[in-house]
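Chain residues, written in single-letter form:
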Amino acid sequence: MVSLTRFLKLKLAQTRKAATVTIFLLLFAVIVVGYSPTVKAEQSKVNGLTIALDTLRSSDTPQVLINFMKQWHYNSLRIYMGWCSSFWTGDINNPMNTKTQNFIDELCRLCAQNNFTVVCAVSAQVTPFKTSYHEEIQVGPNGEENSQGNWVCPTGPKFQTFTKNLVRILVNIMEKYATPRISVDEIVFVTGGGKPAFYSQSMKAVYRQATGKDIPLFSSTSGTYNNEQKQFIEFAKGTIRTFYQMIESTAKAENPNVWFGALVDTYWVYPKTSDDTQPYDYYATVDEIVYEWFYAIQNENWEGVTDGLRRIKNLNPSAIHYFIYGTSTMTSIANMRKSVELAMAEGYDGVFLYEYAKSRSNPFDVSDIVFSTGSTPEPSPSQTQYGTLKFSAWNGENWVVGAALTIMFPNGTIIDKFTPYENSQAPLGFYTVNCVNSGQEADNSPYSFTLDSNEVESYTFVFGPSPPPSSAYVFEDNFDSADFSKWTGISTSYGEVAEVVDTFADANGYCVQFSSNGRNEVEYAYCYKTVDMEEIWVSGDFYVSSGLPLDSNGDRAYLIRLMAGQYYVASIGIGRYDGSDRWVLYGRNGSERAGPFYSSSPAVEMKRWYHMELRWKKHSTLGVMEAYLNGLKIFSMNNLDTARYGNLSQINFGLMSMTEYGKSLSIYGDCFSFSTYKKTDVNCDGAVDLKDALSVAQACGSSIGDPRYQLNLDINDDEVIDVIDYMLVALDISRLNQNI
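Residues numbered from 1 in each chain as written. Predicted model: local features only at pLDDT ≥ 70, side-chain atom pairs only at ≥ 80, totals over all residues. Heavy atoms only, no water.

Describing the sheet that holds strand S9 (residues 320-324)
Rules: Here, strands pair whenever DSSP counts at least two bridges between them. In this description a helix means any DSSP run of H or I spanning at least four residues, a strand means any run of E spanning at least two, and both kinds are numbered starting from the N terminus. To obtain each axis, a line is fitted to C-alpha atoms, and for helices this fit is confined to the stretch in contact; angles are then taken between N-to-C directions over 0 to 180 degrees. Here a residue-residue contact requires only that any non-hydrogen atoms of the pair lie within 4.5 Å.
Here we have eight strands rolled up into a closed barrel, ordered S1-S2-S3-S4-S7-S8-S9-S10, and parallel in their pairing. Between one strand axis and the next, the sheet turns by 25° as a mean value, whatever way the strands run. Of the pairings in the sheet, the one linking strand S8 (residues 288-292) to S9 comprises five bridges and is parallel in character. For Tyr-291, the partnering residue across the bridge sits in S9 and is Phe-323. Where helix H3 (residues 98-113) meets the sheet, it contacts strand S1 (46-52), strand S2 (76-80) and strand S3 (117-123), and its direction lies at approximately 165° from that of S2. Strands S3 and strand S4 (181-185) of the sheet are contacted by helix H5 (residues 157-174), whose axis makes an angle of about 170° with S3.

Encoded structure:
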């Protein structure tokens, strides 16, 4: 039976290019939401405390810190990892000593016990690097040190390795007690003796390698810049952006559910303000943004503080925003309270005092200002105080990729985006959205609605005739269009490629190639489609042309991935385990990891096609995750909690989550499809049985144009209903009713 199954699947692969039927289906349901006033309870905001590990006393045990937090009504803790002397081991591959790891572990456990939120913040200030790796320290053009002499350049390879391994340690500790939350702080270029600090040896090397030029000289910390200086500033911003992305990818590779944030500071930065040297576009994608502006508070520049609060919030209106308001050693308590009031007036989600070591002799309570009603629970998808937005556009014949959206958020911020658009962390409140395509406003623009907590707001803007009705069968692409026009988009890391090619034109016409170059720490190249589904069957054909075997145990390259919001809920691909390449499945069971699980059968080989299928069903207790290779079930898990993160929102095909893989990998893909049901379940009743086989048998011998021909009965999409289609149904009747 298995041999026949494989034969039929190979036959399917050989004939996959015969299909020419284009199926246009509705990806987003049109939901008309009427305004219904509701009374909401005041949300408890973060009233947080920052501790810096290097400033703690020996008497500051985890329990002492927790008692202090309770005494002064703090409900969140931010652990600052800067300076690092207290835990530095001297080894960038194992950077934190065991004593500190145990301290953070106990602190996280106690915070979880008291329902306190915890964030761990890594920094570009690493004091030991000044001695150990001076070539990576930021300095001026003549070696001038900055004010503290310990700011590391984000181009430093030792610093990059150090931070990635530090983040891995922190994620592994935090995930035992809550969803890990990592923040990257102060990745900026400060001044050295009043002069720019771009001139580390590591920066000089990477800039010369990239451009063949030396870093231009900057004569002052303000003024205008010539073209060469402007070119370098953009390059410097790019190094910061790359560092953020590298650390985010590292954290999410360790735990896909990580909340990743960043700190935006607007002082000590060259030139003059961080507008020039911080990559503000990066902040548009982070989960949390922390903002600090100590000197404006010291100077009572309240207009400047308010302007900064608004500018930072406009970077990413849907992120969670916090404000760090200084300590009594920096300014007066009256000024600190005033700055907290301003942050609350701008709708910030909370504040953090900076820091415990400077305030413990003169602590004070601002819970009356931030309206904290007690402990703030760890954010989780089932309790989040935001909603989800999904917008698409239909032009009467096709889905529009790139219609212009103008979205007004509840706080008055206006952003311009394109369809399709999705924001899974949209703030609550009243929205107005307009949609224009080629100068024509949508028939149903503007659209206004009120978004409530955990609500999904899906809306389709229409230009002309309405979109077709929804269907059980959702999407397929054989790449006969020779492009990615059917997809929401493609995503690639630097140097990786996703493109449609005719490499197999002699047999199959067009297919898609995904390739990595093996030169980056984290690599990916894939196409993706936005969806809103509770159950799915995903299938695709894959051919590995080069790059196997994988290098080391733990190396993985996922080929199909399912996402619910920002969470990876199921993935299947190739992984290295116990010295051999195997098929690997990874998923989620509630908030816990399910996998990775490995299967050595069928064997993983290059230069042959594999037909891969992945099934996922959402349910709080009866969730399902299954995987098939060439018709053979290789993974099966039932009775899972797959409902925790909501409906599927995106399907990915290609190369995903390749981390620290040292050589190039190239695969080809074809016949990508997904549906709300198994395709052999032709009557969509949830079971593949004799009724389905009978329907196909009655239509055998028909082709397009014949009244008996129906698209749902043409299982292999070759425009003919024949014995191949019948046998595919019959085989599924057999194997889906066996525990293979």
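Structure's up, so let's keep going.
Here we look at the state of the cysteines
Where we set the bar: The criterion for a disulfide is a pair of cysteine sulfur atoms lying within 2.5 Å. A 1.4 Å probe rolled over the protein chains alone gives each residue an accessible area, and that area as a share of the maximum for its type sets the label: buried under 20%, exposed over 50%, partly exposed in between.
Summed over all chains, the structure comprises zero disulfides. The closest cysteine sulfur to the non-disulfide-bonded Cys-120 is located on Cys-108, 5.3 Å from its own sulfur. A relative accessible area of 0% means that Cys-120 is categorised as buried.

What about the environment of Ser-200?
Its location among the elements puts Ser-200 in the loop between strand S6 (195-196) and helix H6 (201-211). Along the chain, Ser-200 and Glu-135 lie 65 residues apart, while their C-alpha atoms are 6.0 Å from each other. Beyond its immediate stretch of four places on either side in the chain, Ser-200 contacts Glu-135, Glu-136, Ile-137, Gln-138, Val-139, Cys-153 and Thr-155.

Focus on the nonpolar core
Note the cut-off: The term nonpolar core refers to a set of buried residues drawn from Ala, Val, Leu, Ile, Met, Phe, Trp, Tyr and Cys, joined through side-chain atoms within 4.5 Å.
Ile-79, Met-81, Ile-104, Phe-129, Phe-162 and Phe-323 are the most contacted members of the largest nonpolar core, which totals 100 residues. With nine residues, the single largest contributor to this core is H5. Among all residues touching Phe-129, those that are not within four sequence positions of it are Trp-88, Ile-92, His-134, Glu-136, Ile-137, Val-152, Lys-158, Phe-159 and Phe-162. Counting 69 residues, the second-largest nonpolar core is a separate cluster that includes Trp-83, Phe-479, Ala-498 and Ile-651.

As for the side chain of Thr-155
For clarity, the threshold we go by: Residues adjacent in sequence count toward polar contacts only when both atoms are side-chain atoms; beyond that, a polar contact is any pair of N or O atoms within 3.5 Å, and within protein one must be able to donate a hydrogen and the other to accept it.
Examined against the element boundaries, Thr-155 turns out to sit in the loop between helix H4 (129-132) and H5. Within the structure, the side chain of Thr-155 is placed 2.9 Å from the side chain of Ser-202, a separation counted as a polar contact. When neighbours within four sequence positions are excluded, Thr-155 is seen to be in contact with Gln-160, Ser-200, Ser-202, Met-203, Val-206 and Thr-239.

Some details on the pairing of strand S11 (residues 387-394)
Extensive coverage of S11 is indicated by the burial of eight of its eight residues. Two strands pair when backbone bridges link them, and S11 and strand S18 (residues 456-462) are joined in this way by seven bridges, in the parallel orientation. Bridge pairing links Ala-393 to Phe-461 in S18.

A word on the pattern of salt bridges
Test applied: Salt bridges, as used here, are contacts in which a Lys or Arg side-chain nitrogen is within 4 Å of a carboxyl oxygen on Asp or Glu.
For the coordinates displayed, the defined rule picks out 21 salt bridges. One salt bridge in this structure joins Arg-593 and Glu-175, with 3.1 Å as the shortest N-O distance. Pair noted here: Arg-593 is in strand S28 (residues 592-599) and Glu-175 is in the loop between H5 and S4, with a separation of 418 residues, a long-range link. Of the charged contacts in the structure, one is a salt bridge between Arg-615 and Glu-535, with a shortest N-O distance of 3.4 Å. Residue Arg-615 is found in strand S29 (residues 609-617), and its partner Glu-535 is found in strand S24 (residues 535-546); the two are separated by 80 residues along the sequence.

Some words on the packing of helix H10 (residues 302-315) against helix H11 (residues 333-345)
Here is the rule we go by: Here a crossing is called left-handed whenever its near helix is offset anticlockwise from the far helix by less than a right angle, and right-handed whenever the offset is clockwise. Put simply, Ala, Val, Leu, Ile, Met, Phe, Trp, Tyr, Cys and Pro go in the nonpolar bin, Asp, Glu, Lys and Arg in the charged bin, and everything else, Gly too, in the polar bin.
With their axes 10 Å apart at the nearest point, H10 and H11 run at an angle of 35° to one another. H10 and H11 meet at a crossing whose hand is right-handed. Contact with H10, carried on its side by Trp-302, Val-305, Thr-306 and Leu-309, involves Asn-335, Lys-338, Ser-339, Leu-342 and Ala-343 of H11 and no other residues of that element. Partitioned by chemical class, the residues of the contact of H10 with H11 number five nonpolar, three polar and one charged.

Some points on helix H2 (residues 62-71)
We count it as follows: Each direction from the helix axis to a C-beta atom contributes to the arc, which is the arc of those directions.
Of all the positions in H2, only Pro-62, Leu-65, Ile-66, Phe-68 and Met-69 are classed as buried. Each buried residue of H2 lies within a common arc of 160° when the element is viewed along its axis, so the set occupies one face.

Regarding the confidence of the model for the chain
A low pLDDT score tells you not to read the predicted coordinates there in detail. Under the convention used in this document: Along the chain, pLDDT gives the predictor's confidence residue by residue, from 0 to 100.
Per-residue pLDDT for the chain has a mean of 81; in total, 85% of the residues score no lower than 70. Low pLDDT, under 50, characterises residues 268-274; the stretch is placed with 32 contacts to residues that sit more than four places away or in other chains. Predicted confidence is poor over residues 373-384, with pLDDT under 50, and the contacts of this stretch with residues over four places away or in other chains come to 38 contacts.

Side note on the sheet that holds strand S14 (residues 421-426)
Here we have three strands laid out as an open sheet, ordered S14-S11-S18, and mixed in their pairing. With one partner strand each, in any of the chains shown, S14 and S18 form the two edges of the open sheet. This sheet shows a mean twist of 15° between the axes of neighbouring strands, independent of strand direction.

Focus: the side chain of Asn-255
Structurally, Asn-255 can be placed in the loop between helix H7 (227-254) and strand S7 (259-265). Looking at Asn-255, the relative accessible area reads 5%, which means it is buried. Of note is the side chain of Asn-255, whose polar atom sits 2.9 Å from the backbone nitrogen of Asn-257. For Asn-255, the contacting residues outside a window of four places in its chain are Val-171, Glu-175, Pro-180, Arg-588 and Arg-593.

Brief notes about H10
Formally: In a helix, the anticipated span is given by 1.5 Å times the number of residues less one.
Over its 14 residues, H10 runs 20 Å from end to end, which matches the ideal 20 Å to within 8%, given 1.5 Å per residue. Looking only at H10, the buried set comprises Trp-302, Gly-304, Val-305, Thr-306, Gly-308, Leu-309, Ile-312, Lys-313 and Leu-315. Considering only its buried residues, H10 is in contact with S7, S8, helix H9 (294-298), S9 and H11.

What to know about unusual backbone geometry
The peptide bond linking Ser-445 to Pro-446 adopts the cis configuration, its omega dihedral lying at -10°. Here Pro-446 is to be found in the loop between strand S16 (440-441) and strand S17 (447-451). Along the chain, Leu-548 connects to Pro-549 via a cis peptide bond; the corresponding omega equals 0°. Mapping Pro-549 onto the fold places it in the loop between S24 and strand S25 (556-564). The backbone of Trp-83 shows a phi angle near 70°, a positive value even though the residue is not glycine. Residue placement: Trp-83 occurs in the loop between S2 and H3. If you check the backbone angles, Glu-186 has positive phi at about 55° while not being a glycine.

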